[in-house]
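# Topology and contacts: notes
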Amino acid sequence: MREMKLGLFFAPGGHHLAAWRHPDAYPNGFSFQSYISAAQTAERGLFDMVFVADVFSLTPDGMRADSFRFEPITLLSALAVATSKIGLVATATTSFNEPYNVARKFASLDHISGGRAGWNIVTSSSPLEAFNFGLEEHLNHAERYRRAHEFVEVVRGLWDSWDDDAIAIDKTEGIFFDPAKMHMLNHKGAHYRVRGPLSLPRSPQGHPILVQAGSSEDGRNLAAEFAEVIFTIQRDLAEAQAFYADVKAKVAAFGRDPGHALIMPGVLPIVGRTRHEARDRYEQLQALIHPQAGLAALSRTLGTDLTGVDIDGPLPEIRSEKLSETRAMGMVETARRDGLTVRQVYERLVVSKGHRQVVGTAADIADTLQEWFEAGGADGYNIMPAMMPNGLTDFVELVVPELQRRGLYRRAYRGNTLRDHLGLPRPADLAAPVSREQATVRAR
Ligand SMILES: Cc1cc2nc3c(=O)[nH]c(=O)nc-3n(C[C@H](O)[C@H](O)[C@H](O)COP(=O)(O)O)c2cc1C
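Residues numbered from 1 in each chain as written. Predicted model: local features only at pLDDT ≥ 70, side-chain atom pairs only at ≥ 80, totals over all residues. Heavy atoms only, no water.

## What to know about the layout of surface pockets
Estimated volume of the second largest pocket: approximately 340 Å³. In this structure, the second largest pocket is lined by 16 residues; those nearest its centre are R156, F226, E228, R256 and P427. (1 Å grid on protein atoms, 1.4 Å probe; cavity = no way out; pocket = protein on both sides within 12 Å on 5 of 7 lines; lining within 4 Å. Points joined across faces, edges and corners; volume = space filled by probe spheres on them.)

The following block contains the structure:
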């Protein structure tokens, strides 16, 4: 029986743009305690994983709850000891990191958590990040993805620095590891030169899970080659089916099993005990959107300063080169197609960062999750509670049991690692003697 996968996309202030202003929201969304309790609630709901997004910049308008964020690996290492089963997925960009550092951090998290780590590979969507890394402007899209391919190859190579049985402690002989089971990477490519080996044994999952989250053609190709989980923004079923079919075909074209690349669109649920209650909650949140915050969020998403535009007028012309993200292009298309005003664009699309919003009872929400799951639109979902903590608690207490009753979702964890939860195989040691120089150094 195929089971739906669920991830919790962390946002301690809630994923709805204005949720942090609601009286029931955490008084201080940015607190370690709020992350601990969210991770524990998701684990109670038997979620496959929690997921932390990351950017190296912030919107300086002072009107957003997600302005501040912990460094993801630091955060997840701490959460590893506050949880015991749930997968821990962090974002790390290939544009402003070195492969050796990334390989080491995720291998460490995999060891620390007993095999629960995952890496969300992004190429960085915010142009502001470049300013923190000595650059005057963002690297262009194609160049970012070229680096990303090589970056991921290097990271995977480093994770295979050691055979699984390389640690062979022999106190009498004074041998700690078997140098014959160590592999130098000796990578020399267009962007990176990395000798290796990694200063950590192979981690419990062999490789932490590789996740990818960009939907452009380049993004899909990166996903097809490497990703085991794919996060995506899909607002209607037909689009989701087209994306799903395209990515699975690309995965197969790389000689991989399409069943080993799980597609998980984001969903922002607003659950009520009745439809009326759910609608009421949604309206309350919409009423809390400060027009300036709505406009700022839209400006940021579209890469265009919209200060001073008439928010009840049509969306002005946006220069297409500003639309570096697939999600931004989709928003402009929808706005034009449906004749939306600026206010309607941010109210309908930007409040959930472009992700699908579903409002209703647990049965309504389970219906739509089931529909996409069974119709070739999704293997699972990245759940984005509109409000925290109640939006998550409602999902776990109302929607999860409904999915279980329908036989669509696990009733207990059946393993301990993220690979176990996702049903993904542990990669065999890729180190082949022909492609790797066997280490000749002898430990003394
Ligand atoms: C669910 C989801 C999460 C994402 N998280 C991040 C993130 O944490 N940091 C980031 O820089 N980009 C993030 N992105 C953006 C993409 O990784 C990518 O950089 C962006 O969409 C541009 O690539 P594309 O043109 O291939 O879509 C995320 C995208 C999605 C769909």
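Still more ground to cover, so stick around.
## A look at the site of the ligand
Among the 24 residues in the neighbourhood of the ligand, the closest are listed as D54, Y145, A213, S216 and T326. With respect to the ligand, the side chain of T91 contributes an N or O atom lying 3.5 Å from an oxygen atom. Within the backbone of S215, one N or O atom sits 2.9 Å away from an oxygen atom of the ligand. In isolation the ligand exposes 610 Å². Once the protein is present, 95% of that is buried. When residues of the shell around the ligand are traced back to their parent elements, those giving at least two are strand 4 (117-122), helix 4 (141-159) and helix 9 (326-338). (Near = heavy atom within 4 Å. Polar contact = N/O pair within 3.5 Å; in protein donor to acceptor, adjacent residues only side chain to side chain. Areas by Shrake-Rupley, 256 points an atom, 1.4 Å probe, with all protein chains shown as cover. Helix = DSSP H or I, 4+ residues; strand = E, 2+ residues; numbered from the N terminus.)

## What to know about the nonpolar core
Ranked by size, the top nonpolar core spans 70 residues in total, and within it L6, F10, F47, W119 and Y381 carry the most contacts. No other element matches the eight residues that helix 4 contributes to this core. Ranked by size, the runner-up nonpolar core spans 22 residues in total, among them L302, L306, L315 and Y346. (Core = buried A, V, L, I, M, F, W, Y, C linked by side-chain atoms within 4.5 Å. Buried < 20%, exposed > 50% of the residue type's maximum accessible area, 1.4 Å probe, protein only.)

## Some details on the packing of aromatic side chains
When we look at a pair of aromatic rings, we describe it by the centre distance and by the angle of the planes. Taken as a whole, this structure holds 14 aromatic pairs when the rule is applied. Summarising the aromatic geometry, the rings of W119 and F151 are spaced 5.9 Å apart at their centres and angled 45° between planes, so their arrangement reads as tilted. Of this pair, W119 sits in strand 4 while F151 is found in helix 4, placing the two residues 32 residues apart along the sequence. What makes F151 buried here is its relative accessible area of 0%. Seen from their ring centres, W119 and W159 are 6.4 Å apart, and the 90° between their planes marks the pair as edge-to-face. Separated by 40 residues along the polypeptide, W119 in strand 4 and W159 in helix 4 bring together distant segments of the chain. A single burial state applies to W119 and to W159, both of which are buried. Taken together, F10, F30, Y35, F68 and F70 form an aromatic cluster joined through their ring pairs. Its end group placed over the ring of F373, R2 keeps NZ or CZ at 3.8 Å from the ring centre. (Phe/Tyr/Trp six-rings, centres within 6.5 Å; stacked < 30°, edge-to-face > 60°. Lys NZ or Arg CZ within 6 Å of the ring centre and 35° of its normal.)

## Some thoughts on the packing of helix 2 (residues 72-80) against helix 3 (residues 99-113)
The description of two helices packed together rests on the angle between their axes and the distance between the axes. The contact between helix 2 and helix 3 brings their axes to 9 Å, and the two run at 10°. Taken together, helix 2 and helix 3 sit at an angle that is classed as roughly parallel. Residues I73, L76, S77 and A80 of helix 2 pack against K105, F106, L109, I112 and S113 of helix 3. By residue class, the composition of the contact of helix 2 with helix 3 is six nonpolar, two polar and one charged. (Axes fitted to C-alpha atoms, helices over the stretch in contact; angles between N-to-C directions. Parallel < 35°, antiparallel > 145°, perpendicular 65-115°, else oblique. Contact = heavy atoms within 4.5 Å. Nonpolar A, V, L, I, M, F, W, Y, C, P; charged D, E, K, R; others polar.)

## Concerning empty space enclosed by the protein
All told, the structure shown has one cavity of 30 Å³ or more when counted by the stated rule. Of the volumes computed, that of the largest cavity is approximately 30 Å³. Lining the largest cavity, in full, are D54, V55, F56, T91, A92, T93 and E129. Residues that form the lining of the largest cavity fall into these classes: three nonpolar, two polar and two charged.

## A few points about the pattern of salt bridges
One pass over the full model with this rule turns up 24 salt bridges. Between K181 and D165 there is a salt bridge, with the nearest N and O atoms lying 3.0 Å from each other. Taken together, the residues K181 in the loop between strand 6 (175-177) and strand 7 (183-184) and D165 in the loop between helix 4 and strand 5 (167-170) connect sequence positions 16 residues apart. Taking the relative accessible area as the measure of exposure, K181 reaches 23% and is therefore partly exposed. (Salt bridge = Lys/Arg side-chain N within 4 Å of Asp/Glu carboxyl O.)

## Focus: the confidence of the model for the protein chain
Low pLDDT means the predicted atomic positions in that stretch should not be read closely. Counting all residues, the mean pLDDT for the protein chain is 92, and 96% of those residues have values of 70 or more. Counting interchain partners and residues more than four positions distant, the pLDDT-below-50 stretch residues 432-444 has 18 contacts. (pLDDT = per-residue confidence, 0-100.)

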